[in-house]
Amino acid sequence: MIKLKDILLESDKLNILIPRRSKEERYEKYLVLIQKEIQDYIKNGSQGNLMLRNFPFSELPSNLTHVGGHLGLVNSKVTKLPENLKIDRSLILDGSPITEIPESIFIGHGLGIDKTLITKLPNNITNLGYLSMNQTKVTELPSNLKAIFGDLTASDASLIKLPDDLYIGGELYLHRTPIQRLPDNLTVDGDIKANWTQLSELPKNLSVKGNLELQDTPLSKKYTREQLKQLLPGVKGRICNV
């Protein structure tokens, strides 16, 4: 009589003889699985977020035209975004090798491009939920960009110019940028953190509900705190210049 225990023992012996997949075979299976997951996402109506951290391909599928939530490509190998891509929420590209964002793209909320090689933003962007561009080579923002409803963070970036009449609903971070002048008619609901910048000129009609930080800037060396408060009556919080 063959007992179940004997069958299981014999099965274990046979499994020992079956060679495991090689590292290359496992990686190929992983690539196929990722591609299938994206096609399933598209097939199901592109609903929700598509987070592809460390995505191993240089391009996204050509039939990906809509992302119903956030599209995350952090530290991916993607070098190019498809034309006419619509993203309902945020596009997060931090640490990716992408160098350009297509003019035809639609971004419904925020944009993150920290530590990328991107040098300019599309001209069709008129407002964003937030913009994070730390450690980038972007030197100026599009003149059509009129509102960022959350934070604008550009620390350690190459930024030298912001558009006039810009509204920022959160905070403005400019630490260690070469910017020399804030734009006219700038409105910031939070703080402006501009320590260790090259700010040397005063803007017209600056409105800041929070604090203005100007440590180690030409302005902080030229004016006292009391003089800055008189010259910038639109700053409602503290002016920190030392």
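Residues numbered from 1 in each chain as written. Predicted model: local features only at pLDDT ≥ 70, side-chain atom pairs only at ≥ 80, totals over all residues. Heavy atoms only, no water.

## Considering the overall build of the chain
Thought 1: Within the chain, the regular secondary structure consists of four helices and 18 strands.
Thought 2: For 242 residues, the compact-globule formula gives about 18 Å, and the C-alpha radius of gyration of the chain, at 25 Å, lies well above that figure.
Thought 3: Expressed along its principal axes, the backbone C-alpha trace of the chain runs to roughly 100 × 35 × 25 Å.
Thought 4: Every one of the 242 residues in the chain was classed for burial, and the buried ones make up 45%.
Thought 5: For the chain, contacts bridging at least 24 residues in sequence account for 10% of all contacts bridging at least 6.
Thought 6: Surface accessibility of the chain: about 13500 Å² in total, with carbon and sulfur atoms responsible for 51%.
Thought 7: Mean positive and mean negative side-chain charge positions of the chain (31 and 28 charges, respectively) differ by 3 Å. (Helix = DSSP H or I, 4+ residues; strand = E, 2+ residues; numbered from the N terminus. Rg over C-alpha atoms; globule rule 2.2 N^0.38 Å. Buried < 20%, exposed > 50% of the residue type's maximum accessible area, 1.4 Å probe, protein only. Contact = heavy atoms within 4.5 Å. Areas by Shrake-Rupley, 256 points an atom, 1.4 Å probe, with all protein chains shown as cover. Lys, Arg positive; Asp, Glu negative; His and termini not counted. Charge placed at Lys NZ, Arg CZ, Asp CG, Glu CD.)

## Describing the side chain of Asn241
Thought 1: Tracing the backbone shows Asn241 in the segment after strand E18 (239–240).
Thought 2: Within polar-contact distance, the side chain of Asn241 engages the backbone oxygen of Tyr223 at 3.3 Å.
Thought 3: Here Asn241 is in contact with Leu214, Gln215, Ser220, Tyr223, Thr224, Arg225 and Leu228, once residues within four sequence places are set aside. (Polar contact = N/O pair within 3.5 Å; in protein donor to acceptor, adjacent residues only side chain to side chain.)

## Overview of the nonpolar core
As a rule of thumb, soluble globular proteins bury nonpolar side chains together.
Thought 1: Within the largest apolar cluster, 60 residues are counted, with the highest numbers of intra-cluster contacts made by Met133, Leu141 and Ile192.
Thought 2: Of the residues forming this core, the biggest block, four residues, is contributed by helix H2 (residues 23–43).
Thought 3: When near neighbours in sequence (up to four residues on either side) are disregarded, Met133 contacts Ile113, Asp114, Val138, Leu141, Leu152, Thr153, Ala154, Ala157 and Leu159. (Core = buried A, V, L, I, M, F, W, Y, C linked by side-chain atoms within 4.5 Å.)

## Notes on the packing of aromatic side chains
Thought 1: Under the counting rule described, the total for this entry stands at three aromatic pairs.
Thought 2: Seen in terms of ring centroids, Tyr27 and Tyr30 are 5.9 Å apart; in terms of plane orientation they differ by 35°. Their pairing is tilted. With Tyr27 and Tyr30 both in helix H2 and three residues apart, the pair spans about one turn of that helix.
Thought 3: When the ring centre of Phe106 is taken as reference, the NZ or CZ atom of Lys86 above it lies at 5.9 Å. (Phe/Tyr/Trp six-rings, centres within 6.5 Å; stacked < 30°, edge-to-face > 60°. Lys NZ or Arg CZ within 6 Å of the ring centre and 35° of its normal.)

## A few points about the confidence of the model for the chain
When pLDDT drops low, the exact placement of atoms in the prediction is not to be read closely.
Thought 1: Residues of the chain with pLDDT of at least 70 account for 92%, and the chain-wide mean is 93.
Thought 2: Residue range residues 1–9 is modelled with pLDDT below 50. Its contacts to residues more than four positions away, or to other chains, number one contact. (pLDDT = per-residue confidence, 0-100.)

## Topic: the sheet that holds strand E2 (residues 66–67)
Thought 1: The strand order across the open sheet formed by three strands is E2-E4-E6, and the pairing between neighbours is parallel. What marks the edges here is a single partner per strand, and that holds for E2 and strand E6 (106–107).
Thought 2: Sheet topology places E2 next to strand E4 (residues 86–87); two bridges connect them, and they run parallel. Looking across to E4, one finds that His66 is bridged to Lys86. (Pairing = 2+ DSSP bridges.)

## Notes on the pattern of salt bridges
Thought 1: Evaluation of the coordinates by the stated rule reveals seven salt bridges.
Thought 2: Ionic pairing is found between Arg181 and Glu201, a salt bridge with its closest N-O pair at 3.5 Å. A residue pair is termed long-range when its members are at least 10 positions apart, and Arg181 in the loop between strand E13 (172–173) and strand E14 (187–188) and Glu201 in the loop between strand E15 (192–193) and strand E16 (207–208) qualify at 20 residues.
Thought 3: Judged by its relative accessible area of 26%, Arg181 falls in the partly exposed class.
Thought 4: Residues Lys193 and Glu213 are paired through a salt bridge, measuring 3.2 Å at the closest nitrogen-oxygen approach. With a gap of 20 residues between them, Lys193 in strand E15 and Glu213 in strand E17 (residues 212–213) connect regions that are remote in the sequence.
Thought 5: You can call Lys193 buried: its relative accessible area is 15%.
Thought 6: Residues joined in a network through salt bridges with shared partners are Arg181, Asp184 and Glu201. (Salt bridge = Lys/Arg side-chain N within 4 Å of Asp/Glu carboxyl O.)

## Some words on the environment of Gly112
Thought 1: Mapped onto the secondary structure, Gly112 falls in strand E7 (residues 111–112).
Thought 2: Spatially, the C-alpha atom of Gly112 lies 20 Å from that of Thr65, the residues being 47 residues apart in sequence.
Thought 3: In contact with Gly112, not counting residues within four places along its chain, are Leu91, Ile92, Leu93, Asp94, Tyr130 and Ser132.

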